[in-house]
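The residues making up each chain are set out below.
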Protein chains: 2
Amino acid sequence: MNAQKITLALDAMGGDHAPLEICKGAVLACNKFEDIEIILTGDENKIKACNQIHPRIKIIHTTEIISPDEHPANAIRTKKNSSLRVAMEMVRTGEAQGCVSAGSTGAIVAGGVLVVGRIKGIDRPALGVMLPTFEKHSFLLDVGATVRCKPENLLQFALMSNIYIHKVIGIENPVIKLLSNGTEEIKGDETVLAAKDLISARNNLNFQGYIEGNELAWGRSDIIICDGFNGNIALKFGEGIMQGLKSLITNEMKNSLMAKIGGAFLYPVVKKLWARFNYEKYGGTPLLGVKGCVTKAHGRSKAPAVLSAISAARKFILEDGAGLISSEI
Amino acid sequence: MNAQKITLALDAMGGDHAPLEICKGAVLACNKFEDIEIILTGDENKIKACNQIHPRIKIIHTTEIISPDEHPANAIRTKKNSSLRVAMEMVRTGEAQGCVSAGSTGAIVAGGVLVVGRIKGIDRPALGVMLPTFEKHSFLLDVGATVRCKPENLLQFALMSNIYIHKVIGIENPVIKLLSNGTEEIKGDETVLAAKDLISARNNLNFQGYIEGNELAWGRSDIIICDGFNGNIALKFGEGIMQGLKSLITNEMKNSLMAKIGGAFLYPVVKKLWARFNYEKYGGTPLLGVKGCVTKAHGRSKAPAVLSAISAARKFILEDGAGLISSEI
């Protein structure tokens, strides 16, 4: 591609399976991408104990950890030697071109804003996910960066995600819809109605109005805009249903010979389905609206999900996602 | 049970399968419940053409229909001879003890408030559904009556649904949770945080804090409180996923012999699963907070779903749901 070297700071202490799965993911990424160097931030002893070694992986020792039940902004401000804050500082100073963390979403967002900084013209950042669906993926945002939004925030999400999905992911003229409680013109609350008018007025966006809950599962839009509260609930509900189905079918196959035989015959279908709806696989996307690459991986990330988040960060950096958003807003 | 006769006004013109499936549902209900009399409101010719006859079914001819894309309050105010408005008027005057409609949710809610009237002490009504889950049902409300809520509205939803689920449905000391974007104390927006404090302060409620999206699929709470925007999206997303799975598996079984054989062996499991997640079956619940029984059936209701909504209305009337809410609030 090019000879550029990409240095990523990776928060080794964030996420349910840290540090082992994070370190494993780092090795996977270095093996896959020759242009990547990774700096693991975290407890050096614990990281070394994972025994995941690669010549392009370095460690920066940190002494603090931010947990998901801390107040995000306070934690970022006060825990200056936390694995997350140190990773963010490296982005701010340019020592790293991006950072990746599977830690507290709130702290990652707070760090993105307070340490890395917002892009001028963007009031609130947005975190998107590639939502798996029956037909194709939809980029759903926001899923947790900005809990409740003003209409202007939702417009900015539409503008940023349009750039990201077109220029970084490579979908021409992506369809944008706004999540609402029905598709009729009269639906939506005041905020959603006002956002619809603001987004409609932008001729450079391929905006096609409202999308409702039952269409979320079908990929009927390349981009789906909503506030962080709704997006979070929809994303997690989808995860919950698919995990439930998986464990239900697994249990039935354990307990019933009929189900076991049936499951064996249906294996190709089921395998395809789980692969398609593997939420963790698609979990890592960059926080849109900050002056750099700050990528959130799923809290339950194991090594492949960490690799996926690192891949997303790498792509965002190579295509200069933050620069594009900054220059086009 | 007792010798009380129950007269229900049934909107024959509301819903995707009106009037035929509505009329069929009315016959099913009269056959099932000897204490029920049904008055169908709608176009007499169209209703008669359905040829669904029962000695305890009468028709009141109406000339107007309210469609889902009309402004709900305007439609209720101006279309005085609509099938829905006439059914509501019968509840107001006492000619019927309750009404059932599969028509526009907005119009049913508007009619409940404007025609039947709010219970004193209740600022906004709430519409709940028995959300099917992997373990047991959860009563999710609101799913569309009050799009955005103040903390006080959410408190009132908790109080009303507690009475409904305990006294009408018969679950002792029901667990109540509040839908949020995470279970940690610091999650939620201002409204949800304030609602949490208000609900916590009521010692007569078995309130157990937040529930997040991935737990929705598991019935981890008897009652789940949220605003109508979130509830609507969650409910429809769940429906969309289950419908998608059904059509995906059906297609695979058509196109692949392996899948067909597998499906045949798995038939008991799949049948159980579809029966459990049949959203339409559980669609009908009374609008809580109005002075009478106003029951919304799913817009896609076929005869069994209409029967289910009529059963729910009958139970609400027999247990005097509206009276209990009125006296306890």
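About the criteria used
- Numbers given to residues run from 1 along each chain, matching the order in which its sequence is written.
- Chain labels run from A onward and ligand labels from 1 onward, assigned in the order the entries are written.
- Selection of residues for local features in this predicted model requires a pLDDT of at least 70, selection of side-chain atom pairs for listing and counting requires 80 or more, and totals for whole chains, interfaces and linings are taken over all residues.
- Water and hydrogen atoms play no part in the side-chain values, which are based on all heavy atoms of the structure.
- Comment: elements are numbered from the N terminus, with helices defined as DSSP H or I runs of at least four residues and strands as E runs of at least two.
- Between the two quantities, the radius of gyration covers C-alpha atoms and the globule rule is 2.2 Å times the number of residues to the power 0.38.
- Relative accessibility under 20% of the residue-type maximum defines a buried residue, over 50% an exposed one, and the middle range a partly exposed one, all with a 1.4 Å probe and only protein chains included.
- Contacts are assigned to residue pairs that have any heavy atoms within 4.5 Å of one another.
- Here the accessible surface of atoms and residues is derived via Shrake-Rupley with a 1.4 Å probe, and residues count as covered only by protein chains that are part of the display.
- Lys and Arg are tallied as positive, Asp and Glu as negative. Neither His nor the chain termini are counted.
- In this description, the location of a charge corresponds to atom NZ of lysine, CZ of arginine, CG of aspartate or CD of glutamate.
- When DSSP finds two or more bridges between two strands, those strands count as paired.
- Every axis in this analysis is a line fitted to C-alpha atoms, fitted for helices over the stretch in contact. Angles between the N-to-C directions lie between 0 and 180 degrees.
- The fit set for superposing copies consists of C-alpha atoms from residues with pLDDT of at least 70 in both; the fit itself is least squares.
- Each Phe, Tyr or Trp ring, with Trp reduced to its six-membered ring, pairs with another whose centre is within 6.5 Å; inter-plane angles below 30 degrees give stacked pairs, above 60 give edge-to-face pairs, and intermediate values give tilted ones.

Q: What's the story with the overall build of chain A in this structure? I'm lost.
A: In terms of regular secondary structure, chain A is built from 11 helices and 11 strands. Taking 2.2 N^0.38 as the reference for a compact globule, 329 residues should give roughly 20 Å; the C-alpha atoms of chain A span a radius of gyration of 20 Å, in line with that estimate. Seen along its three principal axes, the alpha-carbon backbone of chain A occupies a region of about 60 × 55 × 40 Å. When each of the 329 residues of chain A is scored for burial, the buried share is 60%. Within chain A, residue pairs in contact and separated by at least 24 positions form 71% of the contacts whose partners lie at least 6 positions apart. Counting every atom, chain A has about 13,100 Å² of accessible surface; 51% of that belongs to carbon and sulfur. Treating the 38 positive side-chain charges of chain A as one cloud and the 33 negative ones as another, the clouds have centres 4 Å apart.

Q: Explain the sheet that holds strand 2 (residues 36-42) of chain A to me, please; I cannot follow it from the model alone.
A: Adjacent strands of a sheet form backbone hydrogen bonds with each other and so pair up, either parallel or antiparallel. Residue and element names in this part refer to chain A. Spatial strand order, 3-2-1-4-11-10-5-6-9-7-8: 11 strands in an open sheet with mixed pairing. Strands with a single pairing partner mark the edges of an open sheet, and in this sheet they are strand 3 (57-61) and strand 8 (206-211). The sheet shows a mean angle of 30 degrees between the axes of neighbouring strands, taken without regard to direction. Pairing analysis gives 5 bridges linking strand 2 to strand 3, with the strands arranged parallel. By the bridge assignment for strand 3, I39 is matched with K58. Relative to strand 2, helix 4 (residues 83-93) is tilted by about 140 degrees, and along the sheet it contacts strand 1 (6-11), strand 2, strand 3, strand 4 (98-101) and strand 11 (293-296). In this fold helix 6 (residues 151-168) packs onto strand 5 (126-131), strand 6 (138-141), strand 7 (175-179), strand 9 (223-225) and strand 10 (285-288), with an angle of close to 165 degrees to the strand it touches most, strand 9.

Q: Please explain the sheet that holds strand 3 (residues 57-61) of chain B as it appears in this structure.
A: All names here are of chain B. Here 11 strands make up an open sheet; going across it, the order is 3-2-1-4-11-10-5-6-9-7-8 and the pairing mixed. Here the strands that pair on one side only, and so sit at the sheet edges, are strand 3 and strand 8 (206-211). Direction aside, the axes of adjacent strands within the sheet are offset by 30 degrees on average. With 3 bridges joining them, strand 1 (residues 6-11) and strand 4 (residues 98-101) adopt parallel strand pairing. Following the sheet pairing, L10 is matched in strand 4 by V100. Against the sheet, helix 1 (residues 20-32) touches strand 1, strand 2 (36-42) and strand 3, its axis set at about 170 degrees to strand 2. Docked against the sheet, helix 7 (residues 190-200) engages strand 7 (175-179) and strand 8, running at close to 165 degrees with respect to strand 8.

Q: What is the right way to look at the relation of the copies chain B and chain A in this model?
A: With an axial shift of 0.0 Å and an RMSD of 0.1 Å, the rotation relating chain B to chain A amounts to 180 degrees. As the rotation angle and translation indicate, the two copies are arranged about a two-fold axis. In terms of proximity to the rotation axis, the leading residue of chain B is G262 of chain B, whose C-alpha is 1.9 Å off the axis. When the interface residues of chain B are mapped onto chain A, 100% of them again fall at the interface, so both copies present the same face.

Q: Just checking my understanding: could you explain the side chain of Q156 of chain A for this structure?
A: Residues and elements named next belong to chain A. Position of Q156 among the secondary structure elements: in helix 6. For Q156, a relative accessible area of 10% translates into the label buried. The residues touching Q156, leaving out its near neighbours within four places in the chain, are G121, I122, D123 and R124.

Q: Would you explain the packing of aromatic side chains in this entry?
A: Any aromatic ring pair is given by two values, namely how distant the centres are and how the planes are angled relative to each other. Residues and elements named next belong to chain A. Within this structure, the stated rule accounts for 7 aromatic pairs over all chains. Both rings, one in F139 and one in Y164, keep their centres 5.2 Å apart while their planes meet at 40 degrees; by these two values the pair is tilted. Note that F139 is positioned in strand 6 and Y164 in helix 6, a separation of 25 residues in sequence. Per residue, the accessibility class of F139 equals that of Y164, and both read buried. An angle of 55 degrees between the planes, with centres 5.8 Å apart, marks the rings of Y164 and F316 as tilted. Here Y164, found in helix 6, pairs with F316, found in helix 10 (residues 303-318); they are 152 residues apart in sequence, far enough to count as distant. The residues Y164 and F316 share a single accessibility class, namely buried.

Q: For this particular structure, what's the right way to read the environment of Q52 of chain A?
A: Residues and elements named next belong to chain A. Looking at where Q52 falls in the secondary structure, it is placed in the loop between helix 2 (44-50) and strand 3. C-alpha of Q52 to C-alpha of S67: the two residues are 15 residues apart in sequence and 24 Å apart in space. With sequence-adjacent residues up to four places away left out, Q52 is seen in contact with L20, C23, K24 and V27.

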